[in-house]
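Spelled out from the first residue to the last, the chains are:
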Amino acid sequence: MNRLFLPEHQPVGQALRGLALAHPELLRLHEDPLYVTARERHPGRRVGIVSGGGSGHEPLHTGFVGAGMLDAAVPGSVFASPHNRQIHEASRAVAGPEGVLHVVKNYTGDRINFGIAAERLRADGIPVRRVLIDDDLATESAETATGRRGTGATVLVEKLLGGAADTGLGLDQLADIGAEFADSSRSIAVAARAQTSPSRGGPAFELQDGRLEYGVGIHGERAAATREHPGFEPLVDQLAEQVLDAFTTTPREVALLVGGLGSTTLLELHAIHARVSELLDKRGVAVAGRLVGTFVPALDMSGFSLTLTALREEWAPYWHAPSRTPAFPARPAFPLLESDR
């Protein structure tokens, strides 16, 4: 059976130590409880931004800690929420003079543990609010009691929030505009092969050749529909049209994420990106920001996701604002960082 190359004991802690060792100029590792914080932040930032969730989705979230994006990230075990103690301590460590903002994907465990941490922070006298990411169209159904899952839009929202926070916005302003970023984002994902099960090896679920899980989740959740693979162009067109048509009105400008789910090659992702770009151009939609690569995988799943965030004109500076993290494509270097002087 195929197995992942993970240590048997404390794989998440070992991986996070490795990440911090690879980026000592960007990250500070905290091991009890486990989380990472940014070594530097923009001097105008008044609110700390914290996110986190289950491991197995790297570089989300720990790879997006650094100047211009997250101030801290908290990893749970593989596909499991972090403990509220981790979230509480990380939030205390990076809270600004106006408090801390939590960026939370819409999963029950994340909502519960971030909620408990928020209660503890308020008891400590630290103001806290939450932005909930719920972009997954596959779970947009009256039959889904929990609502849309949080998936690829998390990366786009974290970048926009980081840029907004560095302009000096207060906690309530950031929470309100973050909710608007999230509400302007939609995603869908497909898979041709399940992720490897870390515990037993082999695929987590079986899928026949030529079949696709249409609407798969980032934890390997089975889709509502298993379909025949219609071929490259029909599949990409169908996904792009579904995401675009999810908006009440066709957006004028978007940020586009073409994301691999773990084992999808850049050759494939760039081909998908080109096809989606052609379709958006035909629909009169300008692409103001682009991300192509593996940003929110499900371990080594074979598949891809499409995410669109409808951008208002006034949000463009947030997207293009400087940032420096281990995994987000570099923006111009911060002019005020001590290490750059």
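Look up a bit, the structure's there.
Parameters and conventions
Within each chain, residue numbers correspond to sequence positions counted from 1 in written order. For a predicted model such as this one, the threshold for reporting local features is a pLDDT of at least 70, and the threshold for listing and counting side-chain atom pairs is 80 or more; totals across whole chains, interfaces and linings nevertheless cover every residue. Heavy atoms throughout the structure, all of them, feed into the side-chain values; hydrogens and water do not. Type-normalised accessible area, obtained with a 1.4 Å probe on protein chains alone, sets the label of each residue: buried when under 20%, exposed when over 50%, and partly exposed for intermediate values. Strands are runs of DSSP state E lasting at least 2 residues, helices are runs of H or I lasting at least 4, and numbering of each runs from the N terminus. For two strands to be treated as a pair, DSSP must find at least two bridges joining them. One less than the residue count of a helix, multiplied by 1.5 Å, gives the span that helix is expected to have. The directions from the helix axis to the C-beta atoms are what the arc is built from. Two residues qualify as a contact provided that any one of their heavy atoms is within 4.5 Å of a heavy atom in the partner residue. Contacts described as polar in this section are N or O atom pairs within 3.5 Å, which, within protein, must combine one atom able to donate a hydrogen with one able to accept it, while residues neighboring in sequence count only if both atoms come from side chains. By convention in these notes, a salt bridge is any Lys or Arg side-chain nitrogen within 4 Å of a carboxyl oxygen on Asp or Glu.

(A) Spotlight on the pairing of strand 12 (residues 302-310). Most of strand 12 is tucked away, with 8 of its 9 residues classed as buried. Pairing geometry for strand 7 (residues 185-193) and strand 12, over 8 bridges, is antiparallel. Bridged to Val190 within strand 12 is Phe304. Sheet topology places strand 10 (residues 253-260) next to strand 12; 7 bridges connect them, and they run antiparallel. When the bridges of strand 12 are listed, Val254 appears paired with Ala310.

(B) Layout of helix 3 (residues 108-123). Under the 1.5 Å per step criterion, the end-to-end length of helix 3 is 23 Å for 16 residues, consistent within 8% with the ideal 22 Å. Inspection of helix 3 places Asp110, Asn113, Phe114, Ala117, Ala118 and Leu121 among the buried residues, and these make up the whole buried set. All buried residues of helix 3 lie within an arc of 145° about the axis, which places them on one face of the element. In helix 3, those exposed residues whose orientation departs by more than 90 degrees from the buried face are Glu119 and Ala123. The inward-facing, buried residues of helix 3 abut strand 3 (48-55), helix 2 (84-94), strand 5 (100-105) and strand 6 (128-133). At the exit of helix 3 stands Gly125, carrying a positive phi of roughly 85°.

(C) Representation of the side chain of Arg186 within the structure. If you trace the backbone, Arg186 turns up in strand 7. At 3.3 Å, the side chain of Arg186 and the backbone oxygen of Asp183 are in polar contact. Aside from chain neighbours lying at most four places away, what touches Arg186 is Asp134, Asp135, Leu137, Glu140, Arg148, Val243, Ala246, Phe247, Leu306, Thr307 and Leu308.

(D) Here's a closer look at the pattern of salt bridges. All told, the structure shown has 24 salt bridges when counted by the stated rule. Put simply, Arg92 and Asp124 hold a salt bridge, and the shortest N to O gap is 3.2 Å. Remark: Asp124 occurs in the loop between helix 3 and strand 6 and Arg92 occurs in helix 2; sequence separation between them is 32 residues. You can call Asp124 partly exposed: its relative accessible area is 37%.

Function cannot be read off these values alone, since they describe shape.
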